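Now for the letters of each chain:
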Amino acid sequence: ARRQQQQQGRRLLTGEARTANRPPPPGLMEEEKKSQLLSPSPWSALPLDLASLVLSLLPMYADRACFAAVCPQWRAAARQLQIPPLPLLALPDGTFYSLMYDKPFRFPGCGFAGYENVCGSWLVFSRDDGCFMVNPFSRATVTLPALSSVRLRPPNASAKSKWAEGGSVESANLYITWMRINKADNLRISKLILCSPNLVAALVGIGPFSQILMCQPGALSWSVRAYDRIEDFQDMSFFQGKLYAIAKDENLLVVNISQDHSTGDPQVCRIGRVIEGDCPPWYYGVFEDNSQASKKLYLVESGGMLLMVRRTIWCQFPEPGTDVEIMGGQNEFEVFEADFEHSRWVKVLTLGDDQVLFLGRRCSRSMSVSQYGLPGDCIFFLDDDEDNCLEYAYDEENSSFGVYSMRFRSIHSGDPNISWKRCAEMYLAAWLFPEDR
């Protein structure tokens, strides 16, 4: 009898009694329930609404990456929720800043130094044998044609056939086309947009003057309308399935795209004006105090609207006879919405309490920031000049980013601890927008 009691006790401790449909003693049942209540659920079972709350408190890409690295379930939650993190500030020497941290960092394994442009979450590099885009977050790569490989339209275009047509040689010099600049050593991409998986558009030129080129990712050549006049294009934007460009005279142009019948490659078939600019004449004059306004224009989509941002930099001219550079000073900003129905620009007084524009010559974007505790109705902007487009110098040798408040019409420094030296190698500062994928 004693041996039978000992065997029954062992079965109770090892769970054999439960498998034999013999209930354990009441005391053991209470201990088991208590243990189940105290044991935590696995982190992988985090509900989606709680995951959303956690992500909204992590505005930095590095923190988002750590969140997604915990387990496949969290990575899937980050991908499903699509809460965009704040952009990074990318510098050409391969260093990056997160806006809420003032210490620079580098991506492990590769510094990504020497980029020529930025397109959303892509860094654009140009080489003699071709161009390519690299996503530093996913390490994905997209190849593009070299700037020396351009398919002309018409194919027999010549630099001599259109210069003096309808006028003198002097007037022909005012009508510069791609055929006049295509062999230049300092040809560069000033703007690049990945419009879709099958369409890349680029502004390519010299100094402030450029032409619109197109290609498919992975193609062997770009396409260009050889006899179109090169323009002082300020920016481009792909908005609601159409490509738009803004010229310095504030004319908004729509770029109609077709396909080459023989290759299937995209090409510009027509460029039409949809809004005529109303540029104030005082931009081109020098005032009595030796000041003059220099203007930059940006296109950016925000809240279903296409916005033009007019940035005015007030410059001070030196006194006659002095060997002093033109100095850039105070910035002013005005925002206009494209009214396509009435073909006009309409001034916008507010972006919205939770909206911020991250403004850059290479990449601009509108974001909602209320979930991150940042003030809205602001413009974050860069002193993103280019070595061959400098119109003025600065008093300070360091550069950073500034914040313009639409509400108070005032500017303050974004973070005094985030700065870099102004030099030819560091002009291409840009916003880089990580994507949760």
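Since this is a predicted model, take the numbers as computed values, not measurements.

(A) Inspection of a nonpolar patch on the surface at higher detail. A grouping of Leu50, Leu53 and Leu57 is seen on the molecular surface, where their side chains present a nonpolar patch of about 300 Å² in accessible area. Among the secondary structure elements, Leu50 is positioned in helix α4 (residues 48-56). Exposure remark for Leu50: the relative accessible area of 40% places this residue in the partly exposed category.

(B) Quick look at the nonpolar core. Among the nonpolar cores identified, the biggest contains 37 residues, and Phe358, Phe380, Phe401 and Trp431 are the most heavily contacted of them. Mapped onto this core, the elements with two or more residues apiece are β1 (88-90), β2 (96-98), β4 (122-127), β20 (355-359), β22 (378-382), β24 (401-405) and β27 (430-432). Apart from residues lying up to four places away in sequence, Phe358 is in contact with Leu86, Pro87, Leu99, Cys363, Ser364, Arg365, Met367, Phe380, Trp431 and Phe433. Ranked by size, the runner-up nonpolar core spans 26 residues in total, among them Val124, Val142, Leu152 and Trp222.

(C) Spatial organisation of the sheet that holds β4. Pairing within the open sheet is antiparallel, and its 4 strands lie in the order β3-β4-β5-β6. Edge positions in the sheet fall to β3 (117-119) and β6 (141-144), since each of these pairs with one other strand and no more. In this sheet, adjacent strand axes meet at a mean angle of 25° when their direction is disregarded. Here β4 pairs with strand β5 (residues 130-134) via 5 bridges, running antiparallel. Residue pairing in the sheet places Phe125 in a bridge with Phe132 of β5.

(D) Inspection of the pattern of salt bridges at higher detail. All chains considered together, the criterion is met by 13 salt bridges. Put simply, Arg151 and Asp260 hold a salt bridge, and the shortest N to O gap is 3.0 Å. Here Arg151 is found in strand β7 (residues 150-153), whereas its partner Asp260 is found in the loop between β14 (252-259) and β15 (266-275), with 109 residues between them in sequence. According to the relative accessible area criterion, Asp260 is buried, its value standing at 14%. Between Glu334 and Lys347 there is a salt bridge; the shortest N-O distance is 3.2 Å. One end of the pair, Glu334, is in strand β18 (residues 327-339); the other, Lys347, is in strand β19 (residues 344-348), and 13 residues separate them in sequence.

(E) Structural context of the packing of aromatic side chains. The final tally for this structure, using the stated rule, is 17 aromatic pairs. Centre to centre, the rings of Phe333 and Phe381 are 4.8 Å apart; their planes meet at 50°, and the pair counts as tilted. Of the two residues, Phe333 is situated in strand β18 and Phe381 in strand β22; the sequence distance between them amounts to 48 residues. For the pair formed by Phe333 and Phe381, the shared burial category is buried. Seen in terms of ring centroids, Phe380 and Phe401 are 6.1 Å apart; in terms of plane orientation they differ by 20°. Their pairing is stacked. Taken together, the residues Phe380 in strand β22 and Phe401 in strand β24 connect sequence positions 21 residues apart. Of the two residues, Phe380 and Phe401, neither departs from the other in class, the shared state being buried. A network of ring pairs unites the aromatic residues Phe96, Phe105, Phe107, Phe112 and Phe137 as a single cluster. Against the face of Phe433 rests Arg365, its NZ or CZ located 4.5 Å from the ring centre. Positioned over the ring face of Tyr394 is Arg422, at 3.6 Å from the centre of the ring.

The rules behind each value
- Residues numbered from 1 in each chain as written.
- Predicted model: local features only at pLDDT ≥ 70, side-chain atom pairs only at ≥ 80, totals over all residues.
- Heavy atoms only, no water.
- Patch = residues over 30% accessible without salt bridge, like charges linked within 9 Å, V, L, I, M, F, W, Y side chains within 5 Å.
- Areas by Shrake-Rupley, 256 points an atom, 1.4 Å probe, with all protein chains shown as cover.
- Salt bridge = Lys/Arg side-chain N within 4 Å of Asp/Glu carboxyl O.
- Helix = DSSP H or I, 4+ residues; strand = E, 2+ residues; numbered from the N terminus.
- Buried < 20%, exposed > 50% of the residue type's maximum accessible area, 1.4 Å probe, protein only.
- Core = buried A, V, L, I, M, F, W, Y, C linked by side-chain atoms within 4.5 Å.
- Contact = heavy atoms within 4.5 Å.
- Pairing = 2+ DSSP bridges.
- Axes fitted to C-alpha atoms, helices over the stretch in contact; angles between N-to-C directions.
- Phe/Tyr/Trp six-rings, centres within 6.5 Å; stacked < 30°, edge-to-face > 60°.
- Lys NZ or Arg CZ within 6 Å of the ring centre and 35° of its normal.

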